Amino acid sequence: QVQLVESGGGLVQAGGSLRLSCAASGRTLSSYAMGWFRQAPGKEREFVAGISWGGGGTYYSDSVKGRFTISRDNAKNTVYLQMNSLKPEDTAVYYCAADPLYEITIATHIHHLEVWGQGTLVTVSS
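Values in this document were obtained by computation on a predicted structure and should not be read as measured data. (Residues numbered from 1 in each chain as written. Predicted model: local features only at pLDDT ≥ 70, side-chain atom pairs only at ≥ 80, totals over all residues. Heavy atoms only, no water.)

### Description of the state of the cysteines
Point 1. Inspection of the entire model under this criterion finds one disulfide.
Point 2. Bridging C22 to C96, the disulfide has an S-S length of 2.0 Å. Its S-S torsion of about 60 degrees marks the bond between C22 and C96 as right-handed, since a negative value means left-handed. Pair noted here: C22 is in strand β3 (residues 18–25) and C96 is in strand β9 (residues 92–99), with a separation of 74 residues, a long-range link. (Disulfide = S-S within 2.5 Å. Helix = DSSP H or I, 4+ residues; strand = E, 2+ residues; numbered from the N terminus.)

### Thoughts on the environment of Q39
Point 1. Counting through the fold element by element, Q39 comes out in strand β4 (residues 33–39).
Point 2. When its relative accessible area of 27% is taken as the criterion, Q39 is described as partly exposed.
Point 3. For Q39 and V93, which are 54 residues apart along the polypeptide, the C-alpha to C-alpha distance reads 5.3 Å. (Buried < 20%, exposed > 50% of the residue type's maximum accessible area, 1.4 Å probe, protein only.)

### Here's the deal with the pairing of β3
Residues in a regular strand point their side chains to alternate faces of the sheet.
Point 1. Pairing analysis gives five bridges linking strand β1 (residues 3–7) to β3, with the strands arranged antiparallel. Pairing of Q3 across the sheet is with S25, part of β3.
Point 2. Where β3 meets strand β8 (residues 78–83), six bridges bridge the pair, whose relative direction is antiparallel. Each bridged residue has a counterpart across the sheet, and for C22 the counterpart in β8 is V79. (Pairing = 2+ DSSP bridges.)

Below, the structure written as structure tokens:
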């Protein structure tokens, strides 16, 4: 089973940028489709972005499309989420997730995913 550790969260002003990283250990990352989710206080966890095993396919929620970019470096066993033009409503704990069999998209049920990181907090001030 792969283990995931997120990093890169922090406090940023609206309009700023952050890059989140999700480092994998235990198994090679190329065996997994990957995704980023977020959970704001009092809200359900929601899909943010997904990327296929080789990186050829990427998927985004409407709320982040054009502002966020998901990428992966399988040689470094790491997935990234570049977040630009951040808004206060982007404030949340961000989680990465892995699936060995299926692409992770907005249609993915979070309860289907068994592999999660511990999360990293992103706070966007207005």
